[in-house]
Amino acid sequence: MLKKFFKPLTLVLALLMVISIFAACGQGDANPGGTEKTTVQAEQSTTQTEPAKSPYEIQKEKFQAITMYLPGAAPTDFEKVMAKVNEKLKVNVNASLAINFVSWGDFDTKFPLLLASGEPFDLILSSKWAKFSDGVIKGAYLPLDKLLPDYAPGLWKDLPQEFWEGAKYQGNIMAMPANYNAINTFGLFYRDDLRVKYGLGEIKTLEDFENYLTAVKKNETEIKPFMGGKFDVDLLQWVTFYFNPKKYTSISSAQRLLGYVESEPDKLYSALDPYPGDLEAGAKFREVLSRWNNEGLISKNMSANKTRGIEYVRNGTSAVAALNMTNAFDEYVNIKNAHPDWDFKYFEFDINADIIQKATPDQSSVYKNSSNPEKAVMVYDQLISDKEINQLTRYGIKGVHYDVTPEGKFFVPEGVDATLFAPEAMSSWAWRQDRYEIPRKGDFEWLAKIRQDVVVPKGKILLEENFVADTTEIAAELAACSQISNTYAEGFSSGILDPVKDYDGMVAKLKAAGLEKVQKVVQAQWTEYLKTVKK
(Lines give C-alpha, C1' and ligand atoms only; values in the text may rest on other atoms or scores of the structure.)
Protein backbone atom coordinates (compact mmCIF):
# COMPACT_ATOMS: atom_id res chain seq x y z
CA MET A 1 0.00 0.00 0.00
CA LEU A 2 2.73 2.43 0.91
CA LYS A 3 4.58 1.88 -2.37
CA LYS A 4 1.39 2.50 -4.32
CA PHE A 5 0.83 5.70 -2.38
CA PHE A 6 4.37 7.16 -2.67
CA LYS A 7 4.70 6.55 -6.39
CA PRO A 8 1.88 8.92 -7.45
CA LEU A 9 3.03 11.45 -4.85
CA THR A 10 6.54 11.43 -6.28
CA LEU A 11 5.18 12.04 -9.74
CA VAL A 12 3.10 15.01 -8.50
CA LEU A 13 6.11 16.59 -6.76
CA ALA A 14 8.25 16.21 -9.84
CA LEU A 15 5.59 17.79 -12.00
CA LEU A 16 5.34 20.78 -9.63
CA MET A 17 9.11 21.29 -9.79
CA VAL A 18 9.04 21.36 -13.58
CA ILE A 19 6.25 23.92 -13.58
CA SER A 20 8.20 26.11 -11.13
CA ILE A 21 11.34 25.98 -13.31
CA PHE A 22 9.44 27.00 -16.42
CA ALA A 23 7.72 29.82 -14.55
CA ALA A 24 11.09 31.09 -13.33
CA CYS A 25 12.55 30.89 -16.81
CA GLY A 26 9.62 32.84 -18.17
CA GLN A 27 10.16 35.62 -15.67
CA GLY A 28 13.89 35.61 -16.41
CA ASP A 29 13.26 36.07 -20.12
CA ALA A 30 11.11 39.18 -19.40
CA ASN A 31 13.66 40.65 -16.97
CA PRO A 32 17.16 39.27 -17.52
CA GLY A 33 18.45 41.66 -14.86
CA GLY A 34 15.85 41.23 -12.16
CA THR A 35 17.54 43.71 -9.81
CA GLU A 36 17.57 46.44 -12.49
CA LYS A 37 13.82 46.11 -12.98
CA THR A 38 13.25 46.49 -9.28
CA THR A 39 15.41 49.67 -9.25
CA VAL A 40 13.56 51.17 -12.23
CA GLN A 41 10.22 50.43 -10.64
CA ALA A 42 11.34 52.11 -7.42
CA GLU A 43 12.57 55.15 -9.32
CA GLN A 44 9.30 55.38 -11.24
CA SER A 45 7.36 55.10 -8.03
CA THR A 46 9.40 57.92 -6.48
CA THR A 47 8.89 60.13 -9.53
CA GLN A 48 5.18 59.54 -9.59
CA THR A 49 4.66 60.42 -5.90
CA GLU A 50 6.84 63.56 -5.81
CA PRO A 51 4.38 66.51 -5.38
CA ALA A 52 4.34 69.30 -7.95
CA LYS A 53 5.40 72.77 -6.79
CA SER A 54 2.60 75.14 -5.82
CA PRO A 55 2.24 78.55 -7.53
CA TYR A 56 3.41 80.11 -4.24
CA GLU A 57 6.59 78.02 -4.18
CA ILE A 58 7.34 78.81 -7.82
CA GLN A 59 7.07 82.54 -7.11
CA LYS A 60 9.42 82.21 -4.14
CA GLU A 61 12.21 80.93 -6.38
CA LYS A 62 12.81 84.32 -8.00
CA PHE A 63 13.63 87.49 -6.04
CA GLN A 64 11.44 90.51 -6.76
CA ALA A 65 11.54 94.11 -5.50
CA ILE A 66 8.02 95.46 -4.81
CA THR A 67 7.13 99.17 -4.62
CA MET A 68 4.21 100.80 -2.81
CA TYR A 69 2.72 104.30 -2.42
CA LEU A 70 1.30 105.62 0.86
CA PRO A 71 0.16 109.07 2.03
CA GLY A 72 2.04 110.95 4.72
CA ALA A 73 5.76 111.18 5.46
CA ALA A 74 8.43 108.67 6.41
CA PRO A 75 9.21 108.71 10.16
CA THR A 76 12.82 109.33 11.17
CA ASP A 77 13.66 105.66 11.75
CA PHE A 78 11.72 104.42 8.74
CA GLU A 79 14.79 102.97 6.97
CA LYS A 80 15.93 101.20 10.13
CA VAL A 81 12.54 99.55 10.51
CA MET A 82 12.28 98.65 6.83
CA ALA A 83 15.68 96.99 6.94
CA LYS A 84 14.24 94.55 9.50
CA VAL A 85 11.07 94.12 7.45
CA ASN A 86 13.01 93.34 4.28
CA GLU A 87 15.18 90.79 6.09
CA LYS A 88 12.00 88.91 6.95
CA LEU A 89 10.49 89.34 3.46
CA LYS A 90 13.64 87.93 1.87
CA VAL A 91 13.39 84.79 3.98
CA ASN A 92 9.62 84.39 3.80
CA VAL A 93 8.82 85.22 0.17
CA ASN A 94 12.15 86.18 -1.47
CA ALA A 95 11.16 89.82 -1.98
CA SER A 96 11.79 93.35 -0.76
CA LEU A 97 9.41 96.27 -0.25
CA ALA A 98 10.17 99.92 -1.04
CA ILE A 99 7.60 102.51 0.10
CA ASN A 100 7.22 105.95 -1.43
CA PHE A 101 5.30 108.63 0.49
CA VAL A 102 3.05 111.41 -0.84
CA SER A 103 2.61 114.30 1.60
CA TRP A 104 -0.85 115.01 2.98
CA GLY A 105 -0.79 118.42 1.39
CA ASP A 106 -0.30 116.86 -2.06
CA PHE A 107 -2.40 113.77 -1.51
CA ASP A 108 -5.62 114.98 -3.20
CA THR A 109 -3.81 115.87 -6.43
CA LYS A 110 -0.90 113.42 -6.60
CA PHE A 111 -2.73 110.16 -5.89
CA PRO A 112 -5.05 110.57 -8.90
CA LEU A 113 -2.03 111.54 -11.01
CA LEU A 114 -0.20 108.39 -9.92
CA LEU A 115 -3.13 106.23 -10.95
CA ALA A 116 -3.25 107.87 -14.36
CA SER A 117 0.51 108.13 -14.95
CA GLY A 118 1.25 104.57 -16.04
CA GLU A 119 4.31 104.58 -13.77
CA PRO A 120 5.36 100.99 -12.99
CA PHE A 121 4.70 100.33 -9.30
CA ASP A 122 2.96 97.49 -7.49
CA LEU A 123 0.83 98.47 -4.49
CA ILE A 124 -1.06 101.60 -3.44
CA LEU A 125 -3.34 102.57 -0.59
CA SER A 126 -6.87 102.45 -2.00
CA SER A 127 -9.10 103.09 1.01
CA LYS A 128 -12.61 104.35 0.34
CA TRP A 129 -11.44 107.81 1.41
CA ALA A 130 -8.27 107.48 -0.69
CA LYS A 131 -9.65 107.58 -4.25
CA PHE A 132 -10.70 103.91 -4.49
CA SER A 133 -13.75 104.72 -6.60
CA ASP A 134 -11.71 106.94 -8.95
CA GLY A 135 -9.13 104.24 -9.46
CA VAL A 136 -11.49 101.33 -9.89
CA ILE A 137 -13.72 103.16 -12.37
CA LYS A 138 -10.69 104.12 -14.47
CA GLY A 139 -9.30 100.58 -14.46
CA ALA A 140 -6.22 101.42 -12.38
CA TYR A 141 -6.40 98.28 -10.22
CA LEU A 142 -6.10 94.59 -11.05
CA PRO A 143 -8.83 92.06 -10.11
CA LEU A 144 -7.54 89.82 -7.34
CA ASP A 145 -10.01 86.91 -7.22
CA LYS A 146 -7.63 84.45 -8.93
CA LEU A 147 -4.51 85.69 -7.11
CA LEU A 148 -5.64 85.76 -3.49
CA PRO A 149 -6.21 82.01 -2.82
CA ASP A 150 -2.75 81.06 -4.16
CA TYR A 151 -0.63 84.05 -3.13
CA ALA A 152 -2.30 85.49 0.00
CA PRO A 153 -3.25 82.34 1.91
CA GLY A 154 -3.21 84.02 5.32
CA LEU A 155 -5.36 86.98 4.36
CA TRP A 156 -7.69 84.86 2.21
CA LYS A 157 -8.33 82.46 5.07
CA ASP A 158 -8.66 84.97 7.91
CA LEU A 159 -10.57 87.91 6.46
CA PRO A 160 -14.35 87.90 7.08
CA GLN A 161 -16.39 87.43 3.92
CA GLU A 162 -18.22 90.74 4.38
CA PHE A 163 -14.90 92.57 4.17
CA TRP A 164 -14.22 90.98 0.78
CA GLU A 165 -17.70 92.01 -0.33
CA GLY A 166 -16.86 95.59 0.54
CA ALA A 167 -13.76 95.46 -1.67
CA LYS A 168 -15.59 94.40 -4.83
CA TYR A 169 -16.42 96.31 -7.99
CA GLN A 170 -18.72 94.75 -10.61
CA GLY A 171 -18.37 91.40 -8.85
CA ASN A 172 -14.56 91.35 -8.72
CA ILE A 173 -12.35 91.80 -5.64
CA MET A 174 -10.29 94.92 -6.35
CA ALA A 175 -8.58 95.53 -2.99
CA MET A 176 -7.11 93.81 0.07
CA PRO A 177 -8.70 95.17 3.26
CA ALA A 178 -7.23 95.29 6.74
CA ASN A 179 -8.49 92.67 9.16
CA TYR A 180 -9.58 95.31 11.62
CA ASN A 181 -12.83 96.63 13.06
CA ALA A 182 -12.53 100.34 12.34
CA ILE A 183 -13.80 103.21 14.48
CA ASN A 184 -15.37 105.61 12.03
CA THR A 185 -16.10 108.50 14.39
CA PHE A 186 -14.51 111.96 14.45
CA GLY A 187 -13.91 114.75 16.91
CA LEU A 188 -11.56 117.29 18.48
CA PHE A 189 -8.44 116.19 20.39
CA TYR A 190 -7.60 118.92 22.89
CA ARG A 191 -5.30 119.92 25.76
CA ASP A 192 -7.39 119.19 28.84
CA ASP A 193 -4.71 120.52 31.18
CA LEU A 194 -5.42 123.98 29.72
CA ARG A 195 -9.15 123.57 30.44
CA VAL A 196 -8.31 122.78 34.08
CA LYS A 197 -5.88 125.72 34.18
CA TYR A 198 -8.66 128.13 33.13
CA GLY A 199 -11.15 126.71 35.64
CA LEU A 200 -13.59 125.60 32.95
CA GLY A 201 -16.09 122.80 33.46
CA GLU A 202 -16.09 119.52 31.57
CA ILE A 203 -16.68 119.96 27.85
CA LYS A 204 -19.97 118.31 26.96
CA THR A 205 -21.32 120.48 24.14
CA LEU A 206 -19.98 122.38 21.15
CA GLU A 207 -20.85 125.59 23.02
CA ASP A 208 -18.56 124.43 25.85
CA PHE A 209 -15.86 123.81 23.29
CA GLU A 210 -16.24 127.32 21.87
CA ASN A 211 -15.77 128.72 25.38
CA TYR A 212 -12.60 126.63 25.69
CA LEU A 213 -11.19 128.02 22.43
CA THR A 214 -12.01 131.54 23.57
CA ALA A 215 -10.18 130.98 26.87
CA VAL A 216 -7.04 129.74 25.05
CA LYS A 217 -7.09 132.81 22.81
CA LYS A 218 -7.50 135.12 25.80
CA ASN A 219 -4.94 133.57 28.14
CA GLU A 220 -2.15 132.15 25.97
CA THR A 221 0.47 133.96 23.91
CA GLU A 222 2.49 130.99 22.56
CA ILE A 223 -0.44 128.63 22.02
CA LYS A 224 -3.13 129.27 19.40
CA PRO A 225 -6.62 127.87 19.96
CA PHE A 226 -6.79 125.78 16.78
CA MET A 227 -4.10 125.75 14.13
CA GLY A 228 -4.88 123.46 11.23
CA GLY A 229 -4.51 122.64 7.57
CA LYS A 230 -6.34 121.20 4.61
CA PHE A 231 -6.57 117.77 6.24
CA ASP A 232 -8.30 119.26 9.30
CA VAL A 233 -10.75 121.15 7.08
CA ASP A 234 -11.97 117.82 5.70
CA LEU A 235 -12.54 116.44 9.19
CA LEU A 236 -14.29 119.56 10.42
CA GLN A 237 -17.10 118.87 7.95
CA TRP A 238 -18.14 116.14 10.40
CA VAL A 239 -19.27 118.87 12.81
CA THR A 240 -22.62 118.72 10.99
CA PHE A 241 -23.32 115.42 12.73
CA TYR A 242 -23.29 117.20 16.06
CA PHE A 243 -26.34 119.16 14.91
CA ASN A 244 -27.96 116.37 12.93
CA PRO A 245 -27.44 112.90 14.44
CA LYS A 246 -29.10 111.10 11.52
CA LYS A 247 -26.88 108.56 9.88
CA TYR A 248 -25.92 110.08 6.54
CA THR A 249 -23.35 108.33 4.37
CA SER A 250 -21.73 109.79 1.28
CA ILE A 251 -21.44 107.79 -1.94
CA SER A 252 -17.71 107.97 -2.52
CA SER A 253 -17.90 107.12 -6.22
CA ALA A 254 -20.09 110.20 -6.69
CA GLN A 255 -17.34 112.42 -5.29
CA ARG A 256 -19.25 112.83 -2.00
CA LEU A 257 -21.89 114.89 -3.83
CA LEU A 258 -24.60 112.33 -3.06
CA GLY A 259 -25.50 110.22 -0.06
CA TYR A 260 -28.27 108.43 1.76
CA VAL A 261 -29.85 108.35 5.21
CA GLU A 262 -29.62 104.87 6.69
CA SER A 263 -33.23 104.90 7.86
CA GLU A 264 -34.43 105.53 4.30
CA PRO A 265 -31.69 104.31 1.94
CA ASP A 266 -33.77 104.21 -1.24
CA LYS A 267 -33.34 107.94 -1.85
CA LEU A 268 -30.05 109.65 -2.69
CA TYR A 269 -29.81 113.27 -1.55
CA SER A 270 -27.64 116.15 -2.68
CA ALA A 271 -27.20 119.85 -2.00
CA LEU A 272 -30.06 120.44 -4.44
CA ASP A 273 -32.32 118.05 -2.56
CA PRO A 274 -31.04 118.05 1.02
CA TYR A 275 -31.37 115.02 3.20
CA PRO A 276 -33.89 115.37 6.05
CA GLY A 277 -32.80 117.92 8.65
CA ASP A 278 -29.70 118.98 6.72
CA LEU A 279 -30.90 122.48 5.95
CA GLU A 280 -30.99 123.32 9.63
CA ALA A 281 -27.95 121.26 10.59
CA GLY A 282 -25.89 122.60 7.68
CA ALA A 283 -26.82 126.19 8.47
CA LYS A 284 -25.73 125.78 12.11
CA PHE A 285 -22.48 124.13 11.04
CA ARG A 286 -21.64 126.96 8.63
CA GLU A 287 -22.57 129.63 11.17
CA VAL A 288 -20.37 128.10 13.92
CA LEU A 289 -17.27 127.73 11.73
CA SER A 290 -17.74 131.23 10.32
CA ARG A 291 -17.88 132.67 13.83
CA TRP A 292 -14.82 130.69 14.93
CA ASN A 293 -12.90 132.10 11.98
CA ASN A 294 -14.06 135.70 12.53
CA GLU A 295 -13.14 135.58 16.21
CA GLY A 296 -9.70 134.06 15.57
CA LEU A 297 -10.49 130.74 17.24
CA ILE A 298 -9.29 128.77 14.19
CA SER A 299 -6.51 129.70 11.77
CA LYS A 300 -7.76 131.69 8.81
CA ASN A 301 -5.73 129.95 6.10
CA MET A 302 -6.57 126.33 6.91
CA SER A 303 -7.60 125.28 3.39
CA ALA A 304 -4.32 126.62 1.95
CA ASN A 305 -2.09 125.08 4.63
CA LYS A 306 -0.47 121.69 3.97
CA THR A 307 0.54 121.10 7.60
CA ARG A 308 -1.75 118.90 9.69
CA GLY A 309 -3.14 120.40 12.86
CA ILE A 310 -1.82 117.56 15.03
CA GLU A 311 1.74 118.67 14.23
CA TYR A 312 1.03 122.02 15.89
CA VAL A 313 -0.38 120.21 18.93
CA ARG A 314 2.73 118.06 19.15
CA ASN A 315 5.05 121.07 19.20
CA GLY A 316 2.88 122.94 21.69
CA THR A 317 1.69 125.79 19.44
CA SER A 318 -1.96 124.68 19.15
CA ALA A 319 -4.44 123.44 21.75
CA VAL A 320 -6.65 121.41 19.39
CA ALA A 321 -6.52 119.05 16.40
CA ALA A 322 -9.29 117.36 14.42
CA LEU A 323 -8.80 113.57 14.50
CA ASN A 324 -10.68 110.32 14.20
CA MET A 325 -10.90 108.25 17.36
CA THR A 326 -8.22 105.74 16.35
CA ASN A 327 -5.67 108.49 15.71
CA ALA A 328 -6.55 110.01 19.08
CA PHE A 329 -5.40 106.78 20.77
CA ASP A 330 -2.04 106.93 18.99
CA GLU A 331 -1.42 110.62 19.56
CA TYR A 332 -2.30 110.45 23.24
CA VAL A 333 0.38 107.85 23.92
CA ASN A 334 3.00 109.54 21.76
CA ILE A 335 2.57 113.08 23.07
CA LYS A 336 2.15 112.07 26.72
CA ASN A 337 5.48 110.28 26.51
CA ALA A 338 7.20 113.48 25.38
CA HIS A 339 5.14 115.83 27.61
CA PRO A 340 3.90 113.98 30.70
CA ASP A 341 2.62 117.25 32.20
CA TRP A 342 0.13 117.71 29.33
CA ASP A 343 -3.21 115.98 29.43
CA PHE A 344 -5.78 115.37 26.70
CA LYS A 345 -9.45 114.68 26.15
CA TYR A 346 -11.51 113.98 23.06
CA PHE A 347 -14.75 115.68 22.05
CA GLU A 348 -16.56 113.50 19.51
CA PHE A 349 -19.00 115.02 17.02
CA ASP A 350 -20.87 111.88 16.22
CA ILE A 351 -20.69 109.10 18.80
CA ASN A 352 -24.44 109.47 19.34
CA ALA A 353 -25.13 109.62 15.61
CA ASP A 354 -24.47 105.91 15.10
CA ILE A 355 -22.00 106.59 12.29
CA ILE A 356 -19.88 103.59 13.13
CA GLN A 357 -18.89 100.90 10.70
CA LYS A 358 -17.50 97.48 11.42
CA ALA A 359 -15.99 96.79 8.00
CA THR A 360 -12.69 98.54 7.71
CA PRO A 361 -12.47 101.46 5.28
CA ASP A 362 -8.71 100.91 4.85
CA GLN A 363 -7.31 98.72 2.08
CA SER A 364 -4.68 98.47 -0.65
CA SER A 365 -4.81 97.50 -4.33
CA VAL A 366 -2.42 96.09 -6.93
CA TYR A 367 -1.73 98.66 -9.65
CA LYS A 368 -2.44 97.66 -13.24
CA ASN A 369 1.22 98.15 -14.26
CA SER A 370 2.64 95.97 -11.49
CA SER A 371 5.71 94.08 -12.70
CA ASN A 372 4.71 91.02 -10.67
CA PRO A 373 1.15 91.04 -9.26
CA GLU A 374 1.62 87.59 -7.73
CA LYS A 375 4.63 88.68 -5.71
CA ALA A 376 2.93 91.95 -4.77
CA VAL A 377 0.04 89.99 -3.26
CA MET A 378 2.49 87.71 -1.43
CA VAL A 379 4.26 90.72 0.10
CA TYR A 380 0.99 92.31 1.15
CA ASP A 381 -0.09 89.04 2.74
CA GLN A 382 3.09 89.15 4.80
CA LEU A 383 2.33 92.69 5.99
CA ILE A 384 -1.01 91.62 7.38
CA SER A 385 -0.49 87.94 8.25
CA ASP A 386 3.06 87.71 9.61
CA LYS A 387 3.01 88.89 13.23
CA GLU A 388 6.59 90.18 13.35
CA ILE A 389 6.34 92.11 10.07
CA ASN A 390 2.91 93.50 10.99
CA GLN A 391 4.09 94.78 14.36
CA LEU A 392 7.37 96.12 12.96
CA THR A 393 5.54 98.29 10.43
CA ARG A 394 2.91 99.44 12.91
CA TYR A 395 4.93 99.95 16.11
CA GLY A 396 8.62 99.91 15.19
CA ILE A 397 11.37 97.75 16.67
CA LYS A 398 10.67 96.26 20.07
CA GLY A 399 13.38 97.26 22.52
CA VAL A 400 14.31 100.27 20.39
CA HIS A 401 11.12 102.25 19.79
CA TYR A 402 8.85 100.65 22.38
CA ASP A 403 8.56 97.89 24.92
CA VAL A 404 5.80 95.75 26.42
CA THR A 405 4.79 95.43 30.07
CA PRO A 406 4.48 92.00 31.74
CA GLU A 407 0.73 92.38 31.10
CA GLY A 408 1.43 92.78 27.36
CA LYS A 409 0.79 96.53 27.09
CA PHE A 410 2.71 98.84 24.75
CA PHE A 411 4.74 101.67 26.29
CA VAL A 412 7.65 103.91 25.34
CA PRO A 413 10.52 103.49 27.82
CA GLU A 414 11.99 106.50 29.58
CA GLY A 415 14.65 108.20 27.49
CA VAL A 416 13.31 106.90 24.16
CA ASP A 417 12.32 109.53 21.59
CA ALA A 418 8.77 108.48 20.63
CA THR A 419 8.88 110.59 17.49
CA LEU A 420 11.56 108.41 15.84
CA PHE A 421 8.91 105.82 15.02
CA ALA A 422 5.53 106.39 16.62
CA PRO A 423 2.72 103.81 16.28
CA GLU A 424 1.17 103.94 12.79
CA ALA A 425 3.74 106.59 11.82
CA MET A 426 4.29 104.98 8.41
CA SER A 427 0.58 105.08 7.48
CA SER A 428 0.15 101.36 8.06
CA TRP A 429 -3.63 101.44 8.62
CA ALA A 430 -4.41 99.40 5.50
CA TRP A 431 -2.86 96.26 6.98
CA ARG A 432 -4.04 96.59 10.56
CA GLN A 433 -4.62 93.21 12.14
CA ASP A 434 -6.90 92.93 15.17
CA ARG A 435 -5.11 89.91 16.64
CA TYR A 436 -1.71 91.62 16.45
CA GLU A 437 -2.90 94.81 18.13
CA ILE A 438 -0.79 95.76 21.17
CA PRO A 439 -2.93 97.49 23.83
CA ARG A 440 -1.42 100.73 25.08
CA LYS A 441 -0.33 101.52 28.60
CA GLY A 442 -1.95 104.84 29.54
CA ASP A 443 -4.70 104.80 26.92
CA PHE A 444 -7.77 106.98 27.33
CA GLU A 445 -9.64 104.62 29.63
CA TRP A 446 -12.99 106.19 28.85
CA LEU A 447 -12.22 106.16 25.13
CA ALA A 448 -11.25 102.51 25.30
CA LYS A 449 -14.54 101.85 27.07
CA ILE A 450 -16.43 103.58 24.24
CA ARG A 451 -14.74 101.28 21.74
CA GLN A 452 -15.51 98.19 23.80
CA ASP A 453 -19.05 99.03 24.91
CA VAL A 454 -20.37 101.18 22.07
CA VAL A 455 -18.36 100.99 18.88
CA VAL A 456 -17.87 97.24 18.42
CA PRO A 457 -21.41 96.20 19.49
CA LYS A 458 -22.99 98.83 17.22
CA GLY A 459 -20.64 98.12 14.35
CA LYS A 460 -22.18 97.19 11.04
CA ILE A 461 -21.41 96.96 7.35
CA LEU A 462 -22.49 100.12 5.57
CA LEU A 463 -24.58 99.68 2.44
CA GLU A 464 -22.34 101.88 0.34
CA GLU A 465 -19.24 99.80 1.06
CA ASN A 466 -19.92 97.66 -2.00
CA PHE A 467 -21.37 100.32 -4.30
CA VAL A 468 -19.34 102.09 -6.97
CA ALA A 469 -21.25 104.02 -9.61
CA ASP A 470 -20.41 103.84 -13.30
CA THR A 471 -19.89 107.53 -14.00
CA THR A 472 -18.87 107.27 -17.65
CA GLU A 473 -21.85 109.18 -19.06
CA ILE A 474 -21.67 111.90 -16.39
CA ALA A 475 -17.89 112.31 -16.22
CA ALA A 476 -17.90 115.97 -17.31
CA GLU A 477 -20.75 116.99 -14.99
CA LEU A 478 -19.27 115.04 -12.10
CA ALA A 479 -15.87 116.69 -12.49
CA ALA A 480 -17.37 120.18 -12.64
CA CYS A 481 -19.67 119.59 -9.67
CA SER A 482 -16.89 118.01 -7.66
CA GLN A 483 -14.62 121.03 -8.12
CA ILE A 484 -17.41 123.38 -7.03
CA SER A 485 -18.36 121.22 -4.05
CA ASN A 486 -14.78 120.79 -2.81
CA THR A 487 -14.06 124.51 -3.04
CA TYR A 488 -17.16 125.47 -1.10
CA ALA A 489 -16.78 122.65 1.43
CA GLU A 490 -13.28 123.85 2.29
CA GLY A 491 -14.50 127.42 2.52
CA PHE A 492 -17.38 126.58 4.85
CA SER A 493 -15.30 124.23 7.03
CA SER A 494 -12.56 126.84 7.50
CA GLY A 495 -15.15 129.56 8.10
CA ILE A 496 -14.03 131.93 5.34
CA LEU A 497 -17.31 131.89 3.37
CA ASP A 498 -20.60 133.54 4.23
CA PRO A 499 -22.79 130.82 5.78
CA VAL A 500 -25.97 131.93 3.95
CA LYS A 501 -25.13 133.89 0.82
CA ASP A 502 -22.30 131.62 -0.29
CA TYR A 503 -24.37 128.50 0.32
CA ASP A 504 -27.05 129.81 -2.03
CA GLY A 505 -24.32 130.58 -4.56
CA MET A 506 -22.96 127.03 -4.30
CA VAL A 507 -26.39 125.51 -4.91
CA ALA A 508 -26.91 127.69 -8.01
CA LYS A 509 -23.50 126.73 -9.42
CA LEU A 510 -24.03 123.02 -8.78
CA LYS A 511 -27.37 123.14 -10.51
CA ALA A 512 -25.87 124.92 -13.52
CA ALA A 513 -23.00 122.40 -13.65
CA GLY A 514 -25.39 119.44 -13.97
CA LEU A 515 -25.77 117.97 -10.49
CA GLU A 516 -29.38 117.02 -11.26
CA LYS A 517 -28.16 114.80 -14.12
CA VAL A 518 -25.51 113.27 -11.86
CA GLN A 519 -28.12 112.52 -9.25
CA LYS A 520 -30.52 110.94 -11.75
CA VAL A 521 -27.89 108.63 -13.26
CA VAL A 522 -26.42 107.51 -9.95
CA GLN A 523 -29.86 107.11 -8.37
CA ALA A 524 -30.86 104.61 -11.10
CA GLN A 525 -27.75 102.52 -10.40
CA TRP A 526 -28.24 102.81 -6.64
CA THR A 527 -31.81 101.52 -6.96
CA GLU A 528 -30.60 98.44 -8.84
CA TYR A 529 -27.81 97.88 -6.33
CA LEU A 530 -30.23 97.94 -3.38
CA LYS A 531 -32.22 95.13 -5.00
CA THR A 532 -29.17 92.86 -4.72
CA VAL A 533 -28.45 93.96 -1.14
CA LYS A 534 -31.99 93.20 0.02
CA LYS A 535 -32.06 89.65 -1.39
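Above this text is the structure in question.
Not measured: the values here are computed from a predicted model.

A. Expanded view of the overall build of the protein. In terms of regular secondary structure, the protein is built from 22 helices and 15 strands. When burial is assessed residue by residue, the protein has 51% of its 535 residues classed as buried. A fraction of 78% describes how many contacts in the protein between residues 6 or more apart in sequence connect residues 24 or more apart. Of the accessible surface of the protein, which amounts to about 25,000 Å², a share of 55% is contributed by carbon and sulfur atoms.

B. Up close: the pairing of strand β10 (residues 264–269). One ladder, built from two bridges, connects strand β9 (residues 259–261) with β10; its direction is antiparallel. The residue bridging glycine 259 from the neighbouring strand is tyrosine 269, located in β10. Adjacent in sequence and paired antiparallel, β9 and β10 are bridged by two residues.

C. Layout of the pattern of salt bridges. The final tally for this structure, using the stated rule, is 24 salt bridges. A salt bridge links lysine 80 to aspartate 77, with the shortest nitrogen-to-oxygen separation between them at 3.9 Å. On the basis of relative accessible area, aspartate 77 is assigned to the buried category, the value being 10%. A salt bridge links lysine 306 to aspartate 106; the nearest nitrogen and oxygen atoms lie 2.8 Å apart. Taken together, the positions of lysine 306 in the loop between α14 (278–294) and α15 (309–314) and aspartate 106 in the loop between β2 (95–102) and α5 (107–117) put the pair 200 residues apart, joining distant regions of the chain.

D. The sheet that holds strand β8 (residues 248–250), seen in detail. With respect to topology, three strands assemble into an open sheet ordered β8-β9-β10, the strand pairing being antiparallel. Looking at the sheet topology across the chains shown, the edges are occupied by β8 and β10. Across the sheet, the mean angle separating the axes of adjacent strands is 25° when strand polarity is ignored.

E. Spatial organisation of the packing of aromatic side chains. Summed over the entire model, instances satisfying the criterion amount to 27 aromatic pairs. Relative to phenylalanine 209, the ring of tyrosine 190 lies with its centre 5.4 Å away and its plane at 90°, an arrangement referred to as edge-to-face. Remark: phenylalanine 209 occurs in helix α11 (residues 206–219) and tyrosine 190 occurs in strand β7 (residues 186–191); sequence separation between them is 19 residues. Each of the two residues, tyrosine 190 as well as phenylalanine 209, counts as buried. An aromatic cluster of at least three residues, connected via ring pairs, comprises Trp104, Phe107, Phe111, Trp129 and Trp429. For arginine 286, the ring lying beneath its charged end belongs to phenylalanine 492, and the centroid distance is 5.6 Å. Positioned above the aromatic ring of tyrosine 180, the side-chain terminus of arginine 432 is 5.0 Å from the ring centre.

F. Examining the packing of helix α4 (residues 78–93) against helix α17 (residues 373–385) more closely. Contact pair α4 / α17: the axes reach a minimum separation of 11 Å and the direction vectors enclose 120°. By the angle class used here, α4 and α17 are oblique. Here α4 runs over α17; the crossing is right-handed. In this structure, α4 uses Leu89, Asn92 and Val93 to contact α17, whose residues at the interface are Lys375, Met378, Val379 and Gln382. Broken down by class, the residue content of the contact of α4 with α17 amounts to four nonpolar, two polar and one charged.

Thresholds, definitions, all that
Residues numbered from 1 in each chain as written. Predicted model: local features only at pLDDT ≥ 70, side-chain atom pairs only at ≥ 80, totals over all residues. Heavy atoms only, no water. Helix = DSSP H or I, 4+ residues; strand = E, 2+ residues; numbered from the N terminus. Buried < 20%, exposed > 50% of the residue type's maximum accessible area, 1.4 Å probe, protein only. Contact = heavy atoms within 4.5 Å. Areas by Shrake-Rupley, 256 points an atom, 1.4 Å probe, with all protein chains shown as cover. Pairing = 2+ DSSP bridges. Salt bridge = Lys/Arg side-chain N within 4 Å of Asp/Glu carboxyl O. Axes fitted to C-alpha atoms, helices over the stretch in contact; angles between N-to-C directions. Phe/Tyr/Trp six-rings, centres within 6.5 Å; stacked < 30°, edge-to-face > 60°. Lys NZ or Arg CZ within 6 Å of the ring centre and 35° of its normal. Parallel < 35°, antiparallel > 145°, perpendicular 65-115°, else oblique. Left-handed = near helix turned anticlockwise from the far one by under 90°. Nonpolar A, V, L, I, M, F, W, Y, C, P; charged D, E, K, R; others polar.

None of this, on its own, says anything about what the molecule does.
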